[in-house]
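Reading the structure
Each chain, written out:
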Amino acid sequence: MSTEPETTEEAGPGTPDTPESPGSEAAPAGSGANGLEAGDAEGASGAGASGAEGASEAGGEVADSAGQSGSEPEGEPVGAAQPSESGGEGADSAQLSEAEAELAAQRIERERIERRKAERKGTIESGAKLSGKAADLLAAVRAVESGEKPVDTAFTEPAPAPRRPAPEPVRRPQPAPAPAAVTPGAPAPETVEGVRRVLAEGGAPEALAAQVAAALGEGADAALREDPWQLLRVGGVRPDQADGFARALLGAACGPGDERRARAITVWLLEQAALAGHTALELPTLAAALGRQGVPDPDAAVQSTLAEGEALAFQDALEEPGAAAPQPAEEGEDEGKEERPVRVLVGLERYALAEESLADGLARLVNSLSKETEQAWQAAVGAALGGAAELVRAVAGHGLVLHTGGEAARAEPAALLGAARAAGLRAFAVCHTPDGRHRLAALPGAAEDGVGTVAGLLSGAEGPGRDADGSLELDLLIVLDAPQLDVESAAMLVESLPDGARLVLSGDPAVLWSAGPGRVFADLLAARVCPQLASRLPDPGPIGELVSGIGIGELNQVAAPGKEVVIVPVREAGEAVHRTVQLVADSVPRALGVPADQTVVITPGHGGAAGTRALNSALKERLNPGPGRFGGFDPGDRIAYSPAPGRTVPGVVVKADADGLHLSCAGDPVVVPRERVEGAVRHGWALTAHQAVGARWPAAVVVLPGDAAQALSRPWVYTAFGRAERHLSVVHGVEQALPKAVAEIQAKPRTTRLQTLLRTQVPAS
C-alpha cells in the first residue's frame, strides 16, 4: 500500500526543524522574478472554431496531493528573507531596549542570536537550543499538549530578540486540530498512537493514523484490529490494499467471504458511487460490483450491510419516462403494489436523508405561499421591465421557480433581485464561486450587499441573519449556478428557508453537474413540479455563438475577425505543453493585451503528460520560477484552493509563516495550516473543467492532448469553452474525437431518487 509522503518537512512554512528557521520565518509578499522569456512569437493559427477542444473531466476530483515539491534552493530563494552576515558587534548590542532588539533581530547574524540566548540561559533553560534541535522542539510540543507546566513556561518567557522564533514551535502544533475543521472532532493523541501501532503491525503506512482515528473515533485501534477492512473508510485506500492489511493482521482467519470484508466493500462501493455523483445504486448494479471485488455472495453482503444499519434500501416505483416498466401499470383502482414494477435501490444514509429532506423542503415551499408579502410582490411585478418581467411575475405567484440560460441570462435574476429589494422584500442571491458573486454584483439590479456564495450563506459568513427558529430572514432566495448544487448543499439551503419564502434556481443546464452526489437542477427540470422559464438572451460574440452550438450538439465554424477563437493543432503531449506555455506567456498578452495572470488553462485531468500537474510545472517555471520552499509554493504562485470537497477557489500565494500558507482568494485573505497545505492547495495556472466551473476569465486556453479523446463529452467541452470571455485558444490534438463527442456523448447518467420523491409530494405542473 502506498501513500504519498509529506513533502513539506524541509520546505513547509514555519518549519522548526531547520537551523535557518529564525531567519526565514517571515517570507515577504514579493512574488519573485516574473521572468517572461521572449519565447517563440507564434500566434496560434486559424480563426475558425471548427476543431476546437474537448477532454473529459474526472468528475469532481478534489484536491489530491498538490505540492509539487520544489528543488533544493540554489542561490537565493525567491521571496525569502535571509539573515544578513553582519557580525562583529560587541556586547553593547545586548544592552538594546526591548523595542530596539525586536527590530534588530531580523538583521543580526546567527552567532549574535546564540550569544543572546546564552546571556539569558538562567530564564530559558529548556529553550536555549530551540533553534538547533528539532527533536527537542517536537518533544516540548508534545509536553505542552499533555499539559505539563514547566515546558509551557519555557515557551512563554523568551527574551525580546529570540521572541520571533520562539513562539514558532508553540504555534505550529496549534493548527493541528485543523483536522477538526474536516472531521467532527480531532482524535486524541493516544488514539492516533494506538492506531499507528496497529497500522505498523499490518504493514500499512503509519501516515494514515490520524485519518483512521478520525474516521473510527475513540477505540479506533481496537476496532481496526478487530475489523481490518475498516481501513477502507479512509479516502484513497483500495480493497486490495485493505485485503493485504487484513491478511497481515489476521492471517488464515480471513478470506474473501469474510462477513466483515463484505460489509466494508459494500459501503466502499456506495462511497465510490457518491464520488461519481450517485445518491444510490440499483441492487443489481451493486451486486455486480461486489462480484467484481471477489465477494462470493453479493446478496448476503448487501443484507448484512443493511442489517448493521450501514446502508438503507428503497423500493421506488418505475414511473419515470424511459423507465423499463410500462407506465399504464399504475392505472387500476386496486392498490396491488406487487403488480407495480419497482426498482430496489441501496444508498448511504447521509445521502438518502439529504434527498428526502430536500424533497420535503421543496414541497413545503411550493405549498406555503405567504399572504403577508402579496402586496409587495404586486408592486415588484408593476415595476419590472423587459425580459425580467416574466420572471418576476412567475416568482410572485409561485414558491419555486426554475430559470435557465447562459452567461447573459444572469441579467434576469439580477433584475429580479433589484425589483424585489426595491419593493421592500428581503431578497438575497448566491452563486457557486466568489468570481460568480462579483460578476453578479456588477449587473444592474444587484448590489454587493445583496449577493454572496452558497458556502458563505450556509456558514453564516454572508447574507442575512437567522431568526429564533434558525431560518434565514428572507422572502426570496435566488441561487445561480444551480447545476453545481449537490444534494446535501441543496437540502441545507431549502431547510434554512422559512415558510412562505420563494426560491429561484437559475443556471445553465448544459454545463457539468455538481462535483458532489446528486443532480438536483436536472432532476427538478425533469420532474416538472414548478414553473420553468428559459431565457431568450443569447451569449454574444463568436465565443457565445460557438458555445451555443455546442449546447445543441453542433461544433460550428464561427467568424472570429478579432481572433476571439483560435485553434492551435498539435501532434503530441509535449508539443501541447510547449504551445500552451507560449500562448499564456507570450502570444495572448502580445496579440490581445490579456496578461498571463488573467488567462486560465483548462485540461481534462490532473495526470498525464499534459494534465494539470505537467502544465502547472511548466507554467511555474516560465511565469514564477522559484525553489518552492513553502511546500512546493513560492509567493506569487497561482493556486487552486479546495476548502471542502467539490469546491475550488482560485487564488495567489502571498507568503508563508508559522501559521501556514497565506493566500489571497478573490481578494479575501486565507490562511491554510501547514498540515492541510498538501491536501488542500495545488498550483492553479492550469485547472480541470470541474475546478473552473462557475468562474470566467478574460482568456482561456483549453488543452486537448491526444490521450484525452476517451474522456470527451458535450458537457465538458461546453463548460471548458464557456470559461472564456474575450479570447479562446484551443490546443487541439484529438482530431475527429472532438466533433464526435459534441454530437454524441452526453453526461454520464446518475442514479438519484429526487424525481420519484417529488412526484409523490408535488403534482406535476
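Residues numbered from 1 in each chain as written. Predicted model: local features only at pLDDT ≥ 70, side-chain atom pairs only at ≥ 80, totals over all residues. Heavy atoms only, no water.

Now for the overall build of the chain. From N to C terminus, the chain includes 30 helices and 19 strands. Counting only residues that meet the buried cut, the chain has 52% of its 765 residues in that class. Partitioning the contacts of the chain with sequence separation of at least 6, the portion at a separation of at least 24 is 75%. Here the chain displays about 33400 Å² of accessible surface, and carbon together with sulfur accounts for 51% of that area. (Helix = DSSP H or I, 4+ residues; strand = E, 2+ residues; numbered from the N terminus. Buried < 20%, exposed > 50% of the residue type's maximum accessible area, 1.4 Å probe, protein only. Contact = heavy atoms within 4.5 Å. Areas by Shrake-Rupley, 256 points an atom, 1.4 Å probe, with all protein chains shown as cover.)

Where helix α24 (residues 573-592) contacts helix α25 (residues 612-623), the axes come no closer than 10 Å and their chain directions differ by 40 degrees. The angle between α24 and α25 places the two elements in the oblique class. For α24 against α25, the interelement crossing comes out right-handed. On α25, the residues that touch V577, T580, V581, V584, A585 and D586 of α24 are L615, A618, L619, R622 and L623. Residue composition of the contact of α24 with α25, by class: eight nonpolar, one polar and two charged. (Axes fitted to C-alpha atoms, helices over the stretch in contact; angles between N-to-C directions. Parallel < 35°, antiparallel > 145°, perpendicular 65-115°, else oblique. Left-handed = near helix turned anticlockwise from the far one by under 90°. Nonpolar A, V, L, I, M, F, W, Y, C, P; charged D, E, K, R; others polar.)

Adjacent strands of a sheet form backbone hydrogen bonds with each other and so pair up, either parallel or antiparallel. Spatially, five strands are ordered β10-β19-β18-β11-β17 in an open sheet, and the strand pairing comes out parallel. Because the sheet does not close on itself, it has two edges, and the strands there are β10 (565-569) and β17 (686-687). Relative to strand β18 (residues 697-704), strand β11 (residues 599-602) is paired through four bridges, and the arrangement is parallel. Note that in β18 the partner of V601 across the bridge is V701. The sheet contacts of α24 involve β10, β11, β18 and β19 (724-732), and relative to β19 the element is tilted by about 150 degrees. Relative to β18, helix α28 (residues 714-721) is tilted by about 145 degrees, and along the sheet it contacts β11, β18 and β19. (Pairing = 2+ DSSP bridges.)

Let's shift gears to unusual backbone geometry. The phi dihedral of R528 falls on the positive side, at around 55 degrees, and the residue is not glycine. Along the polypeptide, R528 turns up in the loop between α22 (520-527) and β9 (532-534). A positive phi angle is found at K563, which is not glycine, with a value near 60 degrees. With respect to the helices and strands, K563 occurs in the loop between α23 (541-551) and β10.

Moving on: the confidence of the model for the chain. Low pLDDT means the predicted atomic positions in that stretch should not be read closely. Mean pLDDT over the chain works out to 79, with 73% of the residues at or above the 70 mark. The low-confidence segment residues 143-184 (pLDDT under 50) makes 65 contacts with residues lying over four places distant or belonging to another chain. Overall, residues 320-330 carries pLDDT values under 50, and its contacts beyond four positions in sequence, including any with other chains, amount to 14 contacts. (pLDDT = per-residue confidence, 0-100.)

Okay, the sheet that holds strand β2 (residues 312-317) next. The strand order β1-β3-β2 describes an open sheet built from three strands, whose pairing is antiparallel. The sheet terminates laterally at β1 (281-282) and β2, the two strands that pair on one side only.

Turning next to the pattern of salt bridges. Tallied over the entire structure, the rule returns 28 salt bridges. Taking the shortest distance from any N to any O, the salt bridge between E575 and R571 comes out at 3.8 Å. A relative accessible area of 16% means that E575 is categorised as buried. Between K620 and D637 there is a salt bridge whose closest N-O contact spans 2.9 Å. Of the two residues, K620 sits in helix α25 while D637 sits in the loop between α25 and β12 (638-644), which places them 17 residues apart along the sequence. Judged by its relative accessible area of 9%, K620 is buried. Through salt bridges with shared partners, a single network forms among E407, R410, D435, R439, D481 and R696. (Salt bridge = Lys/Arg side-chain N within 4 Å of Asp/Glu carboxyl O.)

Quick look at the pairing of strand β15 (residues 668-672) now. Examined bridge by bridge, strand β14 (residues 660-665) and β15 share five bridges and lie antiparallel to one another. Paired with S664 across the bridge in β15 is P669. Here β14 hands over to β15 after two residues, with A666 in that stretch at a positive phi of 55 degrees.

Below, the discussion takes up the packing of helix α17 (residues 388-397) against helix α18 (residues 411-422). Where α17 contacts α18, the two axes come as close as 9 Å, and the packing angle between them is 55 degrees. Taken as axis vectors, α17 and α18 run oblique relative to one another. Both α17 and α18 take part in a crossing whose hand is right-handed. Of the residues in α18, those touching α17 at A388, L391, V392 and V395 are E412, P413, A415 and L416. Residues that form the contact of α17 with α18 fall into these classes: seven nonpolar, no polar and one charged.

As a further point, take helix α13 (residues 283-292). For α13, every residue scored as buried is listed here: L286, A287, A289 and L290. The arc enclosing the buried residues of α13, seen along the axis, measures out at 160 degrees, which places them on a common side. Exposed and oriented more than 90 degrees from the buried face of α13 are P284 and R292. Packing partners of the buried residues in α13 comprise α12 (259-275), β1, α14 (298-307) and β3 (342-347). G294 occupies a position one or two residues after α13 and carries a positive phi of about 80 degrees. (Arc of directions from axis to C-beta.)

What follows covers the side chain of N616. Within the secondary structure, N616 is located in helix α25. By relative accessible area, N616 is classed as buried at 1%. Separated by 3.0 Å, the side chain of N616 and the backbone nitrogen of W685 make a polar contact. (Polar contact = N/O pair within 3.5 Å; in protein donor to acceptor, adjacent residues only side chain to side chain.)

In this section: the environment of L270. Residue placement: L270 occurs in helix α12. Put simply, L270 and A280 are 10 residues apart on the chain and 7.1 Å apart in space, counted from C-alpha to C-alpha.

Looking now at helix α8 (residues 189-201). Its 13 residues place the ends of α8 19 Å apart at the C-alpha level, agreeing with the 18 Å of an ideal helix rising 1.5 Å per residue. T191, V192, G194, V195, V198 and L199 are the residues of α8 that are buried. Along the axis of α8, the buried residues cluster in a sector spanning 160 degrees; they form a single face. Exposed and facing more than 90 degrees away from the buried side of α8 are P189, E190 and R197. (Expected span 1.5 Å × (residues − 1).)

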